Amino acid sequence: QKEVEQDPGPLSVPEGAIVSLNCTYSNSAFQYFMWYRQYSRKGPELLMYTYSSGNKEDGRFTAQVDKSSKYISLFIRDSQPSDSATYLCAPHTGTGRRALTFGSGTRLQVQP
Amino acid sequence: SQTIHQWPATLVQPVGSPLSLECTVEGTSNPNLYWYRQAAGRGLQLLFYSVGIGQISSEVPQNLSASRPQDRQFILSSKKLLLSDSGFYLCAWGSGTSRGETQYFGPGTRLLVL
C-alpha cells in the first residue's frame, strides 16, 4: 500500500462547478497537510497548509482533514479554467526526516 | 521575499555524459534543501536533502550525487547519465520550523537523456 494515494484523474468539470479533490494516507503520524498545485511543465506551488484535523478556508479553496479516517480533501468553489492543473497532497509528520511524502497527484481540467 | 532558481531549464544529454544541475535560493539563510525527481505522470520522488553546508542525505541509491558547497547553493551531479535518469528535476527549500515545514519549489529542469 502506498503511503499517500490520490486518484490520478483526469477530473473534468465545467466552469463554475465545485470541485472535490481527495487524498488518503496510511501513516497515522502525519500531523501537517499540504496541497500543492502544479501547472504543466512548472514546479509545484504551495496552495494550502493545515495542521491536524479540521477545515481551513482561503478564498475559493477549502482544505479539510479527517485524521480519524486518514482522509484529506481540497474543495474549489466557482472553479475557473485557470484552476486546470495537477493537485498534489503532501502530508508530513513534523519530525524526523523533513522531506514531504507526495501523492501522485490528481489532474483537474475545468472546461470553459 | 524568498526566490529559488534552477538552471538550466531544459537539457538534452547523451547516455554516458556527465550532468550538473544547479539550484540557488535567495532571501533566506540556512534553508533545508531538497532534490526531487518527477517522472512523466508520476509523483515526486525525493533524491537528496541537506540541512547544512556539506551535509547530504541520500534517499535512493543511484548514479546521482548532490553537493552543497554554499549555504544557499545545491548541486545535483552525475558522472555518467543513464536513459532512466530522464525526468523533471525539482529543487525545493524549506524553513525547517519546529511545527512542521512548508517547502517551496523552483521552476525545475527538464532532462532528456538520449
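All values derive from a computational prediction rather than experimental measurement.

Q: Would you explain the overall build of chain A in this entry?
A: Within chain A, the secondary structure is distributed over 0 helices and 10 strands. When the elements of chain A are put in sequence order from the N terminus, they spell out β-β-β-β-β-β-β-β-β-β. The C-alpha atoms of chain A give a radius of gyration of 13 Å, which matches the 13 Å a tight globule of 112 residues would have. If one aligns the C-alpha atoms of chain A with their principal axes, the spans along those axes are about 45 × 30 × 25 Å. For chain A, the residues scored as buried account for 45% of the 112 residues in total. Intrachain contacts of chain A at a sequence separation of at least 6 include 55% that bridge at least 24 residues. Carbon together with sulfur atoms contributes 45% to the accessible area of chain A, which is approximately 5,300 Å² in total.

Q: Would you take a moment to explain the state of the cysteines for this structure?
A: Here, disulfide denotes a covalent bond that connects the sulfur atoms of two cysteines. Counted according to the given criterion, the structure contains 2 disulfides over all chains. One disulfide bridge connects Cys23 of chain A with Cys89 of chain A, the sulfur atoms lying 1.8 Å from each other. With Cys23 of chain A in strand β3 (residues 19-25) and Cys89 of chain A in strand β9 (residues 85-92), this pair connects stretches of sequence that are 66 residues apart. Between Cys23 of chain B and Cys91 of chain B runs a disulfide, and the two sulfur atoms are separated by 2.0 Å.

Q: Which parts of the structure should I look at to understand the interface of chain B and chain A?
A: Size of an interface: often given as the accessible area lost when the parts come together. Across the boundary between the two partners, chain B contributes 25 residues, which contact 21 residues of chain A. Buried area between chain B and chain A, both sides added, is near 1,800 Å², and the carbon and sulfur share of it is 56%. In this assembly, chain B and chain A are joined by 0 salt bridges. Counting across the chain B and chain A interface gives 2 residue pairs in polar contact (both at pLDDT 80 or more).

Q: It is not clear to me how the pattern of salt bridges should be interpreted in this structure. Could you clarify?
A: Once their charged atoms are close, side chains differing in charge can pair, the charge on each being opposite to the other. Residue and element names in this part refer to chain A. Inspection of every chain in the model, using the stated rule, returns 5 salt bridges over all chains. Linking Asp83 and Arg60 is a salt bridge whose minimum nitrogen-to-oxygen distance equals 2.9 Å. With Asp83 in the loop between β8 (71-76) and β9 and Arg60 in the loop between β6 (54-58) and β7 (61-66), this pair connects stretches of sequence that are 23 residues apart. Residue classification places Asp83 among the buried positions, given a relative accessible area of 1%.

Q: I'm lost on unusual backbone geometry in this one. Help?
A: With the exception of glycine, the majority of residues adopt a negative phi angle, and the majority of peptide bonds are in the trans configuration. The omega angle of the peptide bond from Gly9 of chain A to Pro10 of chain A is 10°, so this bond is cis rather than trans. Position of Pro10 of chain A among the secondary structure elements: in the loop between β1 (4-5) and β2 (11-14). The peptide bond linking Trp7 of chain B to Pro8 of chain B adopts the cis configuration, its omega dihedral lying at 0°. Positionally, Pro8 of chain B belongs in the loop between β1 (3-7) and β2 (10-13). Even without a glycine there, the phi angle at Arg41 of chain A is positive, about 65°. Take Arg41 of chain A: its relative accessible area is 57%, and that puts it in the exposed class. The backbone phi angle of Lys70 of chain A is positive, close to 55°, even though this residue is not glycine. Along the chain, the position of Lys70 of chain A falls in the loop between β7 and β8. Accessibility expressed as a relative area gives 25% for Lys70 of chain A, which makes it partly exposed.

Q: Help me understand the environment of Gln111 of chain A in this model?
A: Residue and element names in this part refer to chain A. Residue position: Gln111 is located in strand β10 (residues 106-111). C-alpha separation for the pair Gln111 and Ser82, spaced 29 residues apart in sequence, amounts to 9.7 Å. Sequence-distant contacts of Gln111, defined by excluding residues within four places in its chain, comprise Ser12, Val13, Pro14 and Glu15.

Procedures and definitions
Residues numbered from 1 in each chain as written. Chains lettered and ligands numbered in written order. Predicted model: local features only at pLDDT ≥ 70, side-chain atom pairs only at ≥ 80, totals over all residues. Heavy atoms only, no water. Helix = DSSP H or I, 4+ residues; strand = E, 2+ residues; numbered from the N terminus. Rg over C-alpha atoms; globule rule 2.2 N^0.38 Å. Buried < 20%, exposed > 50% of the residue type's maximum accessible area, 1.4 Å probe, protein only. Contact = heavy atoms within 4.5 Å. Areas by Shrake-Rupley, 256 points an atom, 1.4 Å probe, with all protein chains shown as cover. Disulfide = S-S within 2.5 Å. Buried area = accessible area lost by both parts, 1.4 Å probe. Salt bridge = Lys/Arg side-chain N within 4 Å of Asp/Glu carboxyl O. Polar contact = N/O pair within 3.5 Å; in protein donor to acceptor, adjacent residues only side chain to side chain.

Any functional reading would require information beyond the geometric quantities listed.
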